[in-house]
Structures are given as structure tokens and as C-alpha cells.
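Notes for the structure review
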Amino acid sequence: MSFERLRKRLVEGRPLVLDSDTGASFRARGVLLGSPGALGQLMRERPAEVESHYRAEIESRVDVLSALTADTTPRALAEVGMEHRAAQLTSRAVELAVEATQDYDRPVAVAGVLGSDMVSPMAADRLHEELTEHGARLAAAGCQLLVARGQGSRLGLMAAVVAASRTELPTWAVVECGPVGDSTVEGDPHELVQALADAGADVLLFEVPTIELGLRQLERFRNALETYGVFPGVLLAASESAVRGFDDPLSDPEHWVERALDLSLGGARVIGGGAGTTEAHTRALALALGSLHPSVPTRRSDTELDGEPGNW
């Protein structure tokens, strides 16, 4: 399994690179995903677009590729009249991602995503039921880890983490951090990290609009994360004003990555693209991290393929 070959880098060496903002990446290529169920509809009607997206992410040298499963739940697909195709489209999303990784001579782990940005919260019992069902589908389809999102609420995040960890797959929890406080991360860091660890989270990803906030959260949560054995990561937005799902044409990936490297020095073991980022951002990040951590062996096939030096 690809993730087993990558897992040790949660402890040492080059941090793992998680992919960019899916909606922003599609939008930058002229494919709009502005409504619930749009990803599922794209999967059924234009699978070539999905395959192209996966390959673009992999060619940007990410270590973890997110399968497009955030909106393949029955509730999201109901918005486009395809709720009865949830199992089929979830399986297809993961299958296409796994197939894409097999064409490259380096390990790329496929992650399933639990929790959508597109659909509104629901009653706690129904939320738990849907997430548990979706998590089981993701595991059966072949995901190697699960990324749990909470739709901006601690209740939603905990429900997603519990559902993900029941599959016995590695579980990464995403917390959204705003510039003026956030109900998910405010309060005692030990309380939140202990709850997430007890629920089964292996990694805590802070999704932040600025590098300063990312570094602040890494420092604020450092002791709690070490105490409960949870690894830290950061998803950094393209700019402070970036909105998830919309590419930020004013963001310069080369300038963005200059500060993103500070996250590695601050202790982040996973770094990815937050709101507004595209494959250009993650490619710049992966190449820069390779230079910063030259101890990672170079794979001859990668360097010959791209015609570029790289530390892989």
C-alpha cells in the first residue's frame, strides 16, 4: 500500500504534501462546481475531466491524492437527482484515483473525503448515520486513509472522525481556523486534541488563511499534539482573501511557497493547499520541500520523466 511506504514521513524527513483546493483547481480549468452534487454529476457525465484532475494533481508531485468523494453522499447527490447512485459514484471516484496513481513510479496514497462544503448540517443522528455509511463505502472502494471535515462545527468534525476511524483506516481531521477566532479550535488545545485522538484521529490539519495563523496554531497546539500522539499539518490558503472553491488568480505560487516552507520549520508534518490553491501551488511546494529535505532518495524515473532535478 502506498500510504504504508509514506507513513514514516509523518515522523521525519520531508513532510507529506496533500493536494490543493479541488473546486479551485477545476475552476482554473474552466470547470465550475458551484452546487451540491456537482462533483457526482461530473463523475457520471464527464469522467475524463475527473481523470485529468487526478493526473494533474499527481504530476504536481503530491504524496496524498484526495478522491472526489466529498459530494457523493445521497444527500448531496439528491440536489441533482442522483441520490440512488451514491454507492456507484463513490466507488468510481476512488477507482479512477487509484488507477491514476498506478501509472507513476512513486507512492501516492489515495484519501477519501468525509464531510462536504456544499451541503448544510443535519440532525446529529442522521449526520452520524450518513457519515458512517459513506466511510464504509470509501474503505470498501480502496481508500488508504480518510480526511474528515466538519463543515465548520466541532460536532460535525467529531462525527466525521468517529465515522472515519470505524473503518480502521488512518484518519486526518481538518479544522478551519479563521483570523478572528474559531469555535472549533478555541479553548484548551488539550481538550480538543484529546477528544480527536480518542475518536481516532492520527493527524490534525489546520486550514488557515495566512502563514502567521498557521504557525501560531502549530505552536499553540504543539504540546497537546505531542502528548496525545497526533501529528500536525497545515492547509494554507492561496491568499488571506481566498475563498474555498475559487482559484485566486492574483496568488503567485512561487511567492506563496516561500512562506509555506516556514510551516515545515514550524513542525508541520503534512502541508497542503487550502482555499484558492491549484496544482501550481502544490507543485511549487513539493519541489521546494524536496530541496529543503535532500535526504529523501531521488527516484531516477521521476527526474528523467520531468527533466528536472528532484529529491525523491
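Coordinates for the structure precede this section.
These lines cover the structure that appears in this document, whether it is placed above or below. None of the values given here were measured: they were computed from a predicted structure.

**Section: helix H10 (residues 211–228)**
With 18 residues, H10 ought to run about 26 Å at 1.5 Å a step, and its terminal C-alpha atoms sit 25 Å apart, in line with that. Considered for burial, the residues of H10 that qualify are Ile211, Leu213, Gly214, Gln217, Leu218, Phe221, Ala224 and Leu225. In this fold, the buried residues of H10 make contact with helix H9 (189–199), strand S6 (203–208), strand S7 (231–236) and helix H11 (253–265). One or two steps after H10, the chain reaches Gly229, where phi turns positive at roughly 70 degrees.

**Considerations on the side chain of Thr101**
For Thr101, the position within the fold is in helix H6 (residues 86–101). Judged by its relative accessible area of 9%, Thr101 falls in the buried class.

**Overview of the pairing of S7**
Among the six residues in S7, five count as buried, and that is most of the element. Bridge analysis of S6 against S7 gives six bridges, and the strand direction is parallel. Directly across from Val203, in S7, lies its bridge partner Phe231. Two elements, S7 and strand S8 (residues 270–273), share four bridges in a ladder whose sense is parallel. Residue pairing in the sheet places Leu235 in a bridge with Gly272 of S8. A crossover links S7 with its parallel partner S8, the connecting element being H11, and its sense is right-handed.

**So, the packing of helix H4 (residues 47–59) against helix H12 (residues 279–292)**
To characterise two packed helices, one gives the angle between the axes of the helices and the distance between these axes. Orientation of H4 relative to H12, taken along the N-to-C sense of each, is 25 degrees, at an axis distance of 8 Å. Classified by the interaxial angle, the pair formed by H4 and H12 is roughly parallel. Residue-level contacts link His53, Ala56, Glu57 and Glu59 of H4 to Glu279, Thr282 and Arg283 of H12.

**Regarding the nonpolar core**
One finds Tyr54, Leu196, Leu204 and Phe206 to be the most contacted residues of the largest nonpolar core, which totals 75 residues. Those residues within four positions of Phe206 in sequence are excluded, and the remaining contacts are Val175, Cys177, Gln217, Leu218, Phe221, Leu225, Gly233, Val234 and Leu235. With 16 residues, the next largest nonpolar core counts Leu18, Ala109, Val203 and Leu205 among its residues.

**Some words on the packing of aromatic side chains**
Under the criterion given, the structure shown has two aromatic pairs. For the ring pair Phe3 and Trp172, a centre distance of 6.1 Å and an interplane angle of 65 degrees mean the geometry is edge-to-face. Of this pair, Phe3 sits in helix H1 (residues 2–6) while Trp172 sits in strand S5 (residues 171–176), placing them 169 residues apart in sequence. By relative accessible area, Trp172 is classed as buried at 0%. Ring centres of Phe206 and Phe221 lie 5.0 Å apart, and the angle between their planes is 55 degrees; on these two criteria the pair is classed as tilted. Residue Phe206 is found in strand S6, and its partner Phe221 is found in helix H10; the two are separated by 15 residues along the sequence. The residues Phe206 and Phe221 share a single accessibility class, namely buried. The lysine or arginine in question, Arg29, covers the ring of Phe26, its NZ or CZ lying 5.1 Å from the ring centre.

**Focus: the pairing of strand S4 (residues 145–149)**
Within S4, five of the five residues are buried, leaving the element largely enclosed by the surrounding structure. Residues Leu145, Val147 and Arg149 of S4 are buried on one face, and the alternating residues Leu146 and Ala148, pointing to the opposite face, are buried as well. As paired elements, strand S3 (residues 109–114) and S4 share four bridges and run parallel to each other. Directly across from Leu114, in S4, lies its bridge partner Ala148.

**Description of the environment of His190**
With respect to the helices, strands and loops of the structure, His190 is situated in helix H9. Residue classification places His190 among the partly exposed residues on the basis of a relative accessible area of 25%. Between the alpha carbons of His190 and Arg222 there is a distance of 9.7 Å; along the sequence they are 32 residues apart. Setting aside residues no more than four positions away along its own chain, His190 makes contact with Asn223, Ala224, Thr227 and Tyr228.

**Thoughts on unusual backbone geometry**
Positive phi values are uncommon outside glycine, yet Arg61 reaches one of about 75 degrees. Within the fold, Arg61 resides in the loop between H4 and strand S2 (64–66). Taking relative accessible area as the criterion, Arg61 reaches 2% and is therefore assigned buried. Here Glu168, not a glycine, exhibits a phi torsion of approximately 70 degrees, which is positive. Take Glu168: it is sitting in the loop between helix H8 (154–165) and S5.

Rules used throughout
- Residues numbered from 1 in each chain as written.
- Predicted model: local features only at pLDDT ≥ 70, side-chain atom pairs only at ≥ 80, totals over all residues.
- Heavy atoms only, no water.
- Helix = DSSP H or I, 4+ residues; strand = E, 2+ residues; numbered from the N terminus.
- Expected span 1.5 Å × (residues − 1).
- Buried < 20%, exposed > 50% of the residue type's maximum accessible area, 1.4 Å probe, protein only.
- Contact = heavy atoms within 4.5 Å.
- Pairing = 2+ DSSP bridges.
- Right-handed = clockwise from strand over helix to strand, strands pointing away.
- Axes fitted to C-alpha atoms, helices over the stretch in contact; angles between N-to-C directions.
- Parallel < 35°, antiparallel > 145°, perpendicular 65-115°, else oblique.
- Core = buried A, V, L, I, M, F, W, Y, C linked by side-chain atoms within 4.5 Å.
- Phe/Tyr/Trp six-rings, centres within 6.5 Å; stacked < 30°, edge-to-face > 60°.
- Lys NZ or Arg CZ within 6 Å of the ring centre and 35° of its normal.

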